[in-house]
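Here's the letter readout for the chains.
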Amino acid sequence: MEEYSKLLLANKAWAQERLELDEDYFNNLSKDQKPLFLWIGCADSRVPAEVVTHAQPGEVFVHRNVANLVVHTDINLLSVLQYAVEVLKVKHVIVCGHYGCGGVKAAMGNSDLGLINKWLRNIKEVYNKHNYELNNVSDENLRFDRLVELNVEEQVKNLSKTSIIQKAWSNRDLPHLHGWVFDMKTGIIKEIINIEAHSEIEAIFKYNFENEEENTYS
Ligand code: CO
């Protein structure tokens, strides 16, 4: 059997199983989605959002990329974020990284990897920002783990720097932002950072929406 056929077979079995438990399952699933969470995770196959959180279809809106980055020029991420925040009105945005992340590891090295250099550059900037702390960690594995955590922290802060999040905070005091790291050696998620809606952010990154409106209507 072709390897991919296994997935299609498993899908049929899964659908059948769901129907046996609840004959209206797909009628209900196809009606609407009201997820409370947006998950921004790594593309790594070992960190599937719904599996590690025991979530069901409909519960988590998901975006994944290499090393769970929030890049302010990434139209893909920003489109997902805008839809999740403004239309689905999620209450929580979670950035979930993981120890042993290949993207973070690659960014710590000096190999020329072609196109992905440009993506990993974002992580090198995180390293550079926390240069002092990281260079004082002599054990390379511990330094790697710490960069995974700092990367998550910076990506959560990047969320708070977007006009999408700031506008939502001024309109409805949501969503809250969370940074997590999944440890695949234990299966447990560690909380790294929580940023409540309306938290103070650095002045230079603040947008003033009132002024914007005044300008629009004047
Ligand atoms: Co990864």
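Residues numbered from 1 in each chain as written. Predicted model: local features only at pLDDT ≥ 70, side-chain atom pairs only at ≥ 80, totals over all residues. Heavy atoms only, no water.

**Some remarks on the overall build of the protein**
Then, number 1: Helix and strand content of the protein: ten helices and five strands.
Then, number 2: Principal-axis analysis of the C-alpha atoms places the extent of the protein at approximately 55 × 55 × 30 Å.
Then, number 3: When the 218 residues of the protein are sorted by exposure, 38% land in the buried category.
Then, number 4: Here the analysis covers contacts within the protein between residues at least 6 apart in sequence; of these, 64% occur between residues at least 24 apart.
Then, number 5: Within the structure as shown, the protein displays about 13500 Å² of accessible surface, and the carbon and sulfur contribution to it stands at 52%.
Then, number 6: Taking the 23 positively charged and 32 negatively charged side chains of the protein as two groups, their mean positions are separated by 3 Å. (Helix = DSSP H or I, 4+ residues; strand = E, 2+ residues; numbered from the N terminus. Buried < 20%, exposed > 50% of the residue type's maximum accessible area, 1.4 Å probe, protein only. Contact = heavy atoms within 4.5 Å. Areas by Shrake-Rupley, 256 points an atom, 1.4 Å probe, with all protein chains shown as cover. Lys, Arg positive; Asp, Glu negative; His and termini not counted. Charge placed at Lys NZ, Arg CZ, Asp CG, Glu CD.)

**Some words on the sheet that holds strand S3 (residues 92-98)**
Then, number 1: Read from one edge to the other, the open sheet built from five strands follows the order S2-S1-S3-S4-S5, with strand pairing classed as mixed. Among the strands making up the open sheet, the edge pair consists of strand S2 (60-65) and strand S5 (188-195). Each neighbouring strand pair of the sheet contributes to a mean axis angle of 20°, computed without reference to strand direction.
Then, number 2: Relative to S2, strand S1 (residues 37-42) runs parallel, the two sharing six bridges. (Pairing = 2+ DSSP bridges. Axes fitted to C-alpha atoms, helices over the stretch in contact; angles between N-to-C directions.)

**Considering the pattern of salt bridges**
Then, number 1: Applying the stated rule across the entire model yields ten salt bridges.
Then, number 2: Notably, a salt bridge pairs Lys 34 with Asp 32, separated by 2.8 Å at the nearest N-O pair.
Then, number 3: Among the ionic pairs, Arg 46 bridges to Asp 44, the shortest N-O distance being 2.8 Å.
Then, number 4: Given the relative accessible area of 15%, Asp 44 is considered buried.
Then, number 5: Several salt bridges share partner residues, and in doing so they unite Glu 133, Arg 146, Glu 149 and Lys 190 into one network. (Salt bridge = Lys/Arg side-chain N within 4 Å of Asp/Glu carboxyl O.)

**A look at the domain arrangement of the protein**
Then, number 1: Per the domain assignment, the segments of the protein are domain 1 (1-29) and domain 2 (32-196).
Then, number 2: Put simply, the middle of domain 1 and the middle of domain 2, counted by C-alpha atoms, are 30 Å apart. (Domains from an automatic or database assignment.)

**Things to note about the packing of helix H4 (residues 75-87) against helix H9 (residues 163-172)**
Then, number 1: Direction vectors running N to C along H4 and H9 enclose 10°, while the axes themselves pass 10 Å from each other. With respect to each other, H4 and H9 are oriented roughly parallel. Contact with H4, carried on its side by Leu 78, Leu 81, Gln 82, Val 85 and Glu 86, involves Ile 164, Ile 165, Ala 168 and Arg 172 of H9 and no other residues of that element.
Then, number 2: Looking at the contact of H4 with H9, its residues break down into six nonpolar, one polar and two charged. (Parallel < 35°, antiparallel > 145°, perpendicular 65-115°, else oblique. Nonpolar A, V, L, I, M, F, W, Y, C, P; charged D, E, K, R; others polar.)

**Some words on the pairing of S5**
Successive residues of a regular strand alternate their side chains across the two faces of the sheet.
Then, number 1: The sheet contact formed by strand S4 (residues 176-183) and S5 spans seven bridges and is antiparallel. Bridging across to S5, His 178 finds its partner in Asn 194.
Then, number 2: Two successive antiparallel strands, S4 and S5, enclose a turn made up of four residues, where Gly 187 displays a positive phi of approximately 85°.

**Overview of H9**
Then, number 1: Within H9 the residues assigned to the buried category are Ile 164, Ile 165, Gln 166, Ala 168 and Trp 169.
Then, number 2: Looking one or two places after H9, you find Asp 173, whose phi comes out positive at around 55°.

**Some words on the packing of aromatic side chains**
Then, number 1: Applying the stated rule across the entire model yields four aromatic pairs.
Then, number 2: Pairing Trp 39 with Trp 180 gives two aromatic rings, centres 6.3 Å apart and planes at 80°, and the pair type is edge-to-face. Taken together, the positions of Trp 39 in strand S1 and Trp 180 in strand S4 put the pair 141 residues apart, joining distant regions of the chain.
Then, number 3: Using a relative accessible area of 2% as the deciding quantity, one classes Trp 39 as buried. (Phe/Tyr/Trp six-rings, centres within 6.5 Å; stacked < 30°, edge-to-face > 60°.)

**Topic: unusual backbone geometry**
Then, number 1: A cis amide bond links Leu 174 with the next residue in sequence, Pro 175, at an omega value of 0°.
Then, number 2: Backbone geometry places His 198, a non-glycine residue, at a positive phi of 75°.
Then, number 3: Secondary-structure assignment places His 198 in the loop between S5 and helix H10 (209-217).

**Structural notes on the nonpolar core**
Then, number 1: Leu 38, Val 93 and Leu 159 are the most contacted members of the largest nonpolar core, which totals 44 residues.
Then, number 2: Looking at this core element by element, the count peaks at seven residues for helix H8 (residues 140-160).
Then, number 3: In this structure Leu 38 touches Phe 61, His 63, Val 80, Leu 81, Ala 84, Val 90, His 92, Val 93 and Ile 94, once residues within four positions along its chain are discounted.
Then, number 4: In terms of nonpolar packing, the next biggest core, distinct from the first, is built from nine residues, Trp 39, Cys 96, Trp 180 and Phe 182 among them. (Core = buried A, V, L, I, M, F, W, Y, C linked by side-chain atoms within 4.5 Å.)

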